Amino acid sequence: MAGYRKLGRTSSQRKALIRGQVTSLLNNGKIVTTEARAKEISKVAEGLIALAVKEKDNFEEVEVTAKVARKDKDGKRVKEVVDGKKVTVFDEVKKTVKKDQPSKLHARRQMNKVLYTITENSTGKKKDAKKVDLTNKLFDEIAPKYVDRKGGYTRIVKIGQRKGDAAMEVLLELV
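Draft legend 1. Geometry of the overall build of the chain. Broken down by element type, the chain carries four helices and nine strands. Each helix and strand of the chain, ordered N terminal to C terminal, gives the series α-β-α-β-β-β-β-α-β-β-α-β-β. Rg of the C-alpha trace for the chain: 22 Å, well past the compact-globule value of 16 Å for 175 residues, more than 25% over. For the chain, the spread of C-alpha atoms along the three principal axes comes to 75 × 35 × 30 Å. Expressed as a percentage of its 175 residues, the buried residues of the chain come to 27%. Nonlocal contacts in the chain, meaning residues at least 24 apart in sequence, comprise 61% of its contacts between residues at least 6 apart. As presented, the chain carries roughly 12200 Å² of accessible surface, and 48% of it is formed by carbon and sulfur atoms. Taken together, the 42 basic and 24 acidic charged side chains of the chain have centroids lying 6 Å from each other.

Given below as structure tokens:
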């Protein structure tokens, strides 16, 4: 007996399907899919959430100075003439940055192996699309909800049979 469901697909197709659905689940909070798929997706999603909960507070804050270009009221860089050449004016800014410990960095990379990158587009224009960092969302939003919980981060609710092929449809959601 196999340790996983094959879902009637080749290994590469199955891996892509699971990655896509897990990404969608973590981004939206719930998805509608078949029962067999939901059980496989739930395994992967719960593993990622457990990893995020474990490594949630594993960072240190470091103060960094950075050079930032000075900008005018229109948002364009301010230039001044030095030795007959136009040079951009820079200001030094101090920021506090979260620096991951090695184990959290490893966890972040393990998550990125599974999750696809998502671009969120609110206006409908391609240039206005913003990339959503799901690993940050896992660490900052999802993991704090489940700190007290020991597993069972997803819920499967049966909806009924699909009209076309009578497959059992379920709602897979984060608890």
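Draft legend 2. The nonpolar core, seen in detail. Counting residues in each nonpolar core, the largest one holds 26 residues, and the members touching the most others are Val22, Leu26, Ile49, Leu115 and Leu138. Looking at this core, the elements that each hand over two or more residues are helix H1 (11-28), helix H2 (35-55), helix H3 (102-114), helix H4 (134-145) and strand E9 (168-174). Sorting elements by how many residues they give to this core places H2 first, with seven residues. When residues no more than four places from it in sequence are discounted, the contact partners of leucine 138 are Leu26, Leu48, Ile49, Ala52, Met111, Leu115 and Ala143.

Draft legend 3. Focus on the pattern of salt bridges. Considering all chains together, one arrives at ten salt bridges under this definition. Of the charged contacts in the structure, one is a salt bridge between aspartate 100 and arginine 108, with a shortest N-O distance of 2.9 Å. A salt bridge links glutamate 173 to arginine 155; the shortest N-O distance between them is 3.0 Å. Residue glutamate 173 is found in strand E9, and its partner arginine 155 is found in strand E8 (residues 154-161); the two are separated by 18 residues along the sequence. Linked through salt bridges whose partners overlap, the residues forming this network are Arg5, Glu40 and Lys43.

Draft legend 4. Here's a closer look at the packing of aromatic side chains. The tally for this structure, following the rule as stated, stands at one aromatic pair. Between the NZ or CZ atom of lysine 104 and the centre of the ring of phenylalanine 139, over which it lies, the distance is 4.6 Å.

Draft legend 5. Region of the structure containing a positive patch on the surface. Taken together, the side chains of Lys71, Arg77, Lys79 and Lys86 define a basic patch exposed on the protein surface. When you line up the elements, arginine 77 lands in the loop between strand E2 (59-69) and strand E3 (79-82).

Draft legend 6. View of the sheet that holds strand E1 (residues 30-34). Taken together, the three strands give an open sheet; going across it, the order is E1-E9-E8, and neighbouring strands pair in antiparallel fashion. The sheet is open, and its two borders are formed by E1 and E8, each paired with just one other strand. Ignoring which end each strand starts from, the neighbouring axes of this sheet average 25 degrees apart. Of the strand pairs in this sheet, E1 and E9 are connected by five bridges, and their pairing is antiparallel.

Draft legend 7. Broad picture of the packing of H2 against H3. At a minimum axis separation of 10 Å, H2 and H3 run at an interaxial angle of 160 degrees. On the basis of the axis angle, H2 is roughly antiparallel to H3. Once H2 is placed against H3, the crossing between them reads as left-handed. Taking contact as the criterion, the partners of Val44, Leu48, Leu51, Ala52 and Glu55 in H2 are, on H3, Ser103, Lys104, Ala107, Gln110, Met111 and Val114.

Draft legend 8. Layout of H3. With 13 residues, H3 should reach 18 Å at 1.5 Å per residue; the first-to-last C-alpha distance of 19 Å fits that figure. Of all the positions in H3, only Lys104, Ala107, Arg108 and Met111 are classed as buried. Buried residues of H3, viewed axially, fall in a sector of 100 degrees; they line one side. For H3, the exposed residues set more than 90 degrees away from the buried face come down to Pro102, Arg109 and Lys113. Along its buried surface, H3 packs onto H2, E2, strand E5 (90-100) and H4.

Draft legend 9. Main features of unusual backbone geometry. Of note, leucine 7 is a non-glycine position whose phi angle comes to about 60 degrees, a positive value. With respect to the helices, strands and loops of the structure, leucine 7 is situated in the segment before H1. Positioned with a positive phi, alanine 166 is a non-glycine residue whose angle comes to about 60 degrees.

What counts and how
Residues numbered from 1 in each chain as written. Predicted model: local features only at pLDDT ≥ 70, side-chain atom pairs only at ≥ 80, totals over all residues. Heavy atoms only, no water. Helix = DSSP H or I, 4+ residues; strand = E, 2+ residues; numbered from the N terminus. Rg over C-alpha atoms; globule rule 2.2 N^0.38 Å. Buried < 20%, exposed > 50% of the residue type's maximum accessible area, 1.4 Å probe, protein only. Contact = heavy atoms within 4.5 Å. Areas by Shrake-Rupley, 256 points an atom, 1.4 Å probe, with all protein chains shown as cover. Lys, Arg positive; Asp, Glu negative; His and termini not counted. Charge placed at Lys NZ, Arg CZ, Asp CG, Glu CD. Core = buried A, V, L, I, M, F, W, Y, C linked by side-chain atoms within 4.5 Å. Salt bridge = Lys/Arg side-chain N within 4 Å of Asp/Glu carboxyl O. Phe/Tyr/Trp six-rings, centres within 6.5 Å; stacked < 30°, edge-to-face > 60°. Lys NZ or Arg CZ within 6 Å of the ring centre and 35° of its normal. Patch = residues over 30% accessible without salt bridge, like charges linked within 9 Å, V, L, I, M, F, W, Y side chains within 5 Å. Pairing = 2+ DSSP bridges. Axes fitted to C-alpha atoms, helices over the stretch in contact; angles between N-to-C directions. Parallel < 35°, antiparallel > 145°, perpendicular 65-115°, else oblique. Left-handed = near helix turned anticlockwise from the far one by under 90°. Expected span 1.5 Å × (residues − 1). Arc of directions from axis to C-beta.

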